Amino acid sequence: MLLLVNNLMEDCLVRVNIMLKNIFLLILVILTTSLIGTMAHSDIVIDGVLDEPAWETATVFREFVTVEPLTGSAAKYSTEVRMMTTSEGIFIGFVNYQPASVKRVDRRFPRDAKIEADRNVVSIDFDGTAVSAYDFTVGSTNSRQDGVIGSGTYSGDWDGIWYSQTSSEKDYWYSEIHIPWTVAPMSSSSEGIKKMAVWFSRVVYNESLRFAFPNAFYTRNTFLEDWHKVEVTQVDTSTLDWFPYVSYNKNLHANNDLVTEDDFNTGLDIIWRPNSNTQLTGAINPDFGQVESDDLVVNFSAFETFVTEKRPFFTENQGLFNSQIPNEDRVLYTRRIGAGDVGGNGGLIDINGAGKLTYFGKNVDLGLFVVSEDDATGVAAGDFLSSRIQRKVGNLAFGHRLTHSKRELLGREATVQMVDFDWQYSDSVQFMGQILHSNIDQKVNSDMDVDSSVSNDYAAWANWSYAPSDEWQYNLYLSHYGDEFDMNDLGYMKRNNFNELYASSRRDSLQYDDSSALLSSYVSIEYGHSETTEGRRLESWANTEISWTFRSTRQLSLDLGFQASGWDDRITRGNGLFAKPKQQWGSTIYKSPRGDNYVYGAKLFFETDGGEKLSSGVTYEPQLYLSDRLTLGGEITFKHYREWLIWDADFQQLATYEAHSYYMDLRLDWYPSLRQEVRFKFQWVGVDAKLLASYVLDGSGGLQQSAIQSENFSISDTAFQLRYRYQLAPLSDVFLVYSRGGFYGSSDGNQGPSNLFDQGWDGLQVESLIAKIRYRFH
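Bear in mind that the values here come from a model prediction, so they are computed numbers and not experimental data.

Visitor: Please provide a residue-by-residue account of the overall build of the protein, values included.
Guide: Broken down by element type, the protein carries three helices and 40 strands. For the protein, whose C-alpha radius of gyration is 28 Å, the value lies close to the compact-globule estimate of 28 Å for 778 residues. Counting over 778 residues, the protein shows a buried share of 49%. Counting 67 positive and 103 negative side-chain charges, the protein places the averaged centre of each group 4 Å from the other.

Structure, rendered in structure tokens:
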């Protein structure tokens, strides 16, 4: 025994020694590069103070108007934007007048978190085509957020390399921004003059006001088309960035008394821009381990949970591959990659290599995306490909998208193709649509008891939106998914075999008398109907929502909905059609004044859960801003299920439960300095469920008492993460992450919240410590 322990300790010391040597070498190179980098000189120093002489010759924009609420009236507080371009990029300075009597909301947030504070926004369409654009947001304490804007879409997954700083004095605060030409691919101009479009906005958070230049807003169909056109001197640049990383994952918990090996990895990401319109991104042995945990989810439904992407390779320069459909399906869902076979079964899989090529031409944009998983372990590894081509002519944009996946071990090959269009018919009318085709080639797989088959089918959708004014908006959406249409091998969709109709109408009240307590309000009505391709009604529902925003920034909203009876062909997991009774839901939501140091939201709700009896619940979301560097917040939800109908996979039947569910999400963000970030995140989900009845389906789809009784159940799931981040330079970080996860399950059904919490914490399943360094060399 002593010999075994001694050998294990020696092996551990060897691994730690190797890791420390690699980390030391990387830090040495980083420090050397950092010292050299400080010698770089520019006419503009990004320090938040617009005092360089060059700012005196910049183009100035002052004609800001109010767009939140969308009145178009002159801005309440003056805002001035100065813009100029040099060989190093685009420089933008904001001068924000805000008298001392108006509270300035100065809060710090993590990179790419929603900035709930005073902020400046720069949005740039680098090609001036109104197809897509990039968004750069700077909070008053220099928090940064960026994203990609499309026609009616926004993605915050993209991360760009740009710089900013802020400063303030009694009646003003300032932001200074540098956006390098290499921040994103863009087309080249043979004339040497680049035509772009810009949109600037500023948020006065404590008063729920947003001012913008020009008069454009994202609720309008012509949002991108309404931006201000500018011409600048074309700068053709070439860059090569290297991102080596070193990571070490120490497993602190051994399941079943087995000592598991620690994980030590090194790899390299490369970004090469040979010119301004082409970018090649490559990854060798990429590190797809997560230093930011996913949210905890317990899902009893028949539909897969969608999870957002956080891995750097799949978020950087990904705008051309964004593929969201209005019903929130996606043609390309990158979380499939590295997640095992379809559905994420079989555990995580390492990646051998990945590559991404984008080209933005004057008339055509092209993209190619390839990833190869490591099949050395004999798991269901795969090879993946996605391509995109798009073009815009006048007010019509159209394109083609392809995804392809191949998993040799499963004998499965899947290809999805899509053609799409976006037609801005007029200032008030927009048409969008897609036609999709899937081809699935499945070879015989005796290990999984799968026969050989080939399936081909289609899907299509069309959307019409009409906004005759800023006060009225109408929307109509139609879709068809064929019986065998399937894009889940590399995409995300909830289901196939259905036709859907969705319609909505919204009326905004944007102007109230100065004597009124109201700032704005809206009323919306929605209707949806879906049925199988055989004509069986799945859902037919209507929902209405009323919301008021007060001048104090308080918000109150009411929501009420009803769904007619219909068929549920998914809840039994392929074991028959359930005749689902009518459903109801409703809620009241209140949000406190948002500029206070303590803010909260409260929600009271009721709803049916597959049966006829109403469940009820409450959600409370506090947020305490202890200082501009320290924030404590979270969410607590309790729900009482009176008749919860779910599928019992153990007994292959339906069952109803009376249940109590508990959800807790606690988060703490602390910023000791501009380069340091400490994040604490804890989540807990607990359920106590007492059996009411067990059912099988009768011949008409109704519920019939089962001879086999399902069981009560109690579950508790906990997830804890403590993360330290030190920023060496933009996109260059050191991470130290401690993660812990616990789970508990029993057939008790009456554990109570205290015992559930304790058991979920004590039932340790995963515990690890991760150290990671990723640095950008250029």
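Further notes follow.
Visitor: Any chance you could break down the side chain of Arg-725 for me, citing the residues and the numbers?
Guide: Looking at the element boundaries, Arg-725 is found in strand 38 (residues 713-729). Here the side chain of Arg-725 touches Asp-733 through a polar contact of 2.8 Å, side chain to side chain. Apart from the residues within four sequence positions on either side, Arg-725 is in contact with Arg-111, Arg-675, Gln-676, Glu-677, Asp-733, Val-734 and Phe-735.

Visitor: Can you break down the pairing of strand 21 (residues 412-423) residue by residue, with the values?
Guide: Here 12 bridges tie strand 20 (residues 396-407) to strand 21, and the two strands are oriented antiparallel to one another. Bridge pairing in strand 21 places Arg-401 opposite Met-418. Linking two consecutive strands that pair antiparallel, namely strand 20 and strand 21, is a turn of four residues; a positive phi of about 65 degrees is found at Gly-411 within it. Across 12 bridges, the pairing between strand 21 and strand 22 (residues 429-442) is antiparallel. Bridge pairing links Asp-420 to Gln-434 in strand 22. Taken together, strand 21 and the strand that follows it, strand 22, pair antiparallel across an intervening segment of five residues.

Visitor: Lay out a nonpolar patch on the surface in plain terms, naming residues and giving numbers.
Guide: Together, Leu-240, Trp-242, Trp-272, Leu-280, Leu-357, Leu-368 and Val-370 make up a nonpolar patch on the protein surface, roughly 570 Å² of accessible area in all. Of all the secondary-structure elements, those providing two or more residues to the nonpolar patch are strand 14 (239-251) and strand 18 (364-373). Mapped onto the secondary structure, Trp-242 falls in strand 14. Judged by its relative accessible area of 36%, Trp-242 is partly exposed.

Visitor: Provide a residue-level description of the sheet that holds strand 9 (residues 163-168), including the pertinent values.
Guide: If you walk across this open sheet you meet the five strands as 1-3-4-10-9, and the pairing is antiparallel. Taken across any chain shown, the strands that pair with only one partner, and hence form the sheet edges, are strand 1 (59-61) and strand 9. The mean angle between the axes of side-by-side strands here comes to 15 degrees, regardless of whether they run parallel or antiparallel. Sheet topology places strand 4 (residues 89-97) next to strand 10 (residues 172-179); eight bridges connect them, and they run antiparallel. Bridging from a neighbouring strand, Ile-90 pairs with Ile-179 of strand 10.

Visitor: Explain the pattern of salt bridges to me, using residue names and the numbers behind them.
Guide: Applying the stated criterion across every chain yields a total of 32 salt bridges. Linking Asp-241 and Arg-273 is a salt bridge whose minimum nitrogen-to-oxygen distance equals 3.5 Å. Of this pair, Asp-241 sits in strand 14 while Arg-273 sits in strand 15 (residues 263-275), and the two are 32 residues apart along the sequence. A network of salt bridges, in which partner residues are shared, links Asp-295, Asp-665, Arg-667 and Lys-681.

Visitor: Quick rundown of the packing of aromatic side chains? Include the residues and the values.
Guide: Counted by the stated rule, this structure contains 48 aromatic pairs. Relative to Phe-200, the ring of Phe-61 has its centre 5.4 Å away and its plane inclined at 40 degrees; by these criteria the two rings are tilted. With a gap of 139 residues between them, Phe-61 in strand 1 and Phe-200 in strand 11 (residues 193-204) connect regions that are remote in the sequence. Residues Phe-313 and Phe-369 carry aromatic rings whose centres are separated by 6.2 Å and whose planes lie at 45 degrees to one another, so their mutual orientation is tilted. Of this pair, Phe-313 sits in helix 2 (residues 312-315) while Phe-369 sits in strand 18, and the two are 56 residues apart along the sequence. For Phe-313, a relative accessible area of 3% translates into the label buried. The exposure class of Phe-369 is buried, given its relative accessible area of 0%. Three or more aromatic residues joined by ring pairs make a cluster, and in this case those are Phe-638, Tyr-662, Phe-680, Phe-682, Trp-684, Phe-720, Tyr-738, Phe-757 and Trp-761. Sitting above the plane of the Tyr-625 ring, Arg-107 keeps its charged end 3.6 Å from the centroid. One cation-aromatic arrangement involves Arg-740 over Trp-761; the distance from NZ or CZ to the ring centre is 3.8 Å.

Visitor: Give a description of the environment of Met-196 that names residues and reports values.
Guide: Take Met-196: it is sitting in strand 11. For Met-196, a relative accessible area of 1% translates into the label buried. Taking the C-alpha atoms as reference, Met-196 lies 25 Å from Ser-78; in sequence the two are 118 residues apart. In contact with Met-196, other than residues within four places in its own chain, are Met-83, Ile-90, Ile-124, Asp-125, Phe-126, Gly-128, Trp-181, His-228, Lys-229, Val-230 and Val-232.

Visitor: Kindly report on the environment of Ser-504, identifying the contributing residues and their values.
Guide: Take Ser-504: it is sitting in strand 25 (residues 498-509). C-alpha separation for the pair Ser-504 and Leu-476, spaced 28 residues apart in sequence, amounts to 6.7 Å. Apart from residues lying up to four places away in sequence, Ser-504 is in contact with Gln-473, Tyr-474, Asn-475, Ile-525 and Glu-526.

The rules we used
Residues numbered from 1 in each chain as written. Predicted model: local features only at pLDDT ≥ 70, side-chain atom pairs only at ≥ 80, totals over all residues. Heavy atoms only, no water. Helix = DSSP H or I, 4+ residues; strand = E, 2+ residues; numbered from the N terminus. Rg over C-alpha atoms; globule rule 2.2 N^0.38 Å. Buried < 20%, exposed > 50% of the residue type's maximum accessible area, 1.4 Å probe, protein only. Lys, Arg positive; Asp, Glu negative; His and termini not counted. Charge placed at Lys NZ, Arg CZ, Asp CG, Glu CD. Polar contact = N/O pair within 3.5 Å; in protein donor to acceptor, adjacent residues only side chain to side chain. Contact = heavy atoms within 4.5 Å. Pairing = 2+ DSSP bridges. Patch = residues over 30% accessible without salt bridge, like charges linked within 9 Å, V, L, I, M, F, W, Y side chains within 5 Å. Areas by Shrake-Rupley, 256 points an atom, 1.4 Å probe, with all protein chains shown as cover. Salt bridge = Lys/Arg side-chain N within 4 Å of Asp/Glu carboxyl O. Axes fitted to C-alpha atoms, helices over the stretch in contact; angles between N-to-C directions. Phe/Tyr/Trp six-rings, centres within 6.5 Å; stacked < 30°, edge-to-face > 60°. Lys NZ or Arg CZ within 6 Å of the ring centre and 35° of its normal.

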